[in-house]
Amino acid sequence: MPAALVNVPAKAKRGAVIEIKTLMSHVMEPGYRRTAAGEAIPRDIITSFTCRFNGTEIFRADLYPAIAANPFLSFFTTATESGRFEFEWIGDNGFVATTAAAITIE
């Protein structure tokens, strides 16, 4: 079962640069391996990550088979107002995982 971990500061000063860290636990299959019978094992990876703040996209990443099974992403943004970060991971075979975190600006 996939599990998302996000690290967003609960509070920040207006104008401060903050770091956001995310980790998605996901069973990955790159699609290059075969079973003992020689059949190809279908690819099953996370293909994209998006972060939105108060509904506006602030970070996006496209992921490929060479990315780790449990992708860790870290990025920075400027704290301008209190609000809500929404995180979304999309992958093969209909995989979609979301989570959210709030921040208060002082």
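Coordinates for the structure precede this section.
Residues numbered from 1 in each chain as written. Predicted model: local features only at pLDDT ≥ 70, side-chain atom pairs only at ≥ 80, totals over all residues. Heavy atoms only, no water.

Below, the discussion takes up the sheet that holds strand β8 (residues 96-105). Ordered in space as β2-β8-β7-β4-β5, the five strands form an open sheet in which the pairing is mixed. In this open sheet, the two strands that pair with only one neighbour each are β2 (11-12) and β5 (56-62). Both strand β4 (residues 46-53) and strand β7 (residues 83-91) contribute to a ladder of seven bridges, which runs antiparallel. Note that in β7 the partner of F53 across the bridge is F85. (Pairing = 2+ DSSP bridges. Helix = DSSP H or I, 4+ residues; strand = E, 2+ residues; numbered from the N terminus.)

This part is about the pattern of salt bridges. For the structure shown, the criterion picks out five salt bridges. Salt-bridge contacts for R43 lead to D92; the nearest nitrogen and oxygen are separated by 2.7 Å. Taken as a pair, R43 in the loop between β3 (17-25) and β4 and D92 in the loop between β7 and β8 lie far apart in primary sequence, 49 residues in all. Judged by relative accessible area, R43 falls into the partly exposed class, the value being 35%. Take D92: its relative accessible area is 15%, and that puts it in the buried class. Residue R84 is joined to E86 by a salt bridge in which the shortest nitrogen-to-oxygen separation is 3.7 Å. Looking at R84, the relative accessible area reads 45%, which means it is partly exposed. Under the relative-accessibility criterion, E86 is labelled partly exposed at 33%. (Salt bridge = Lys/Arg side-chain N within 4 Å of Asp/Glu carboxyl O. Buried < 20%, exposed > 50% of the residue type's maximum accessible area, 1.4 Å probe, protein only.)

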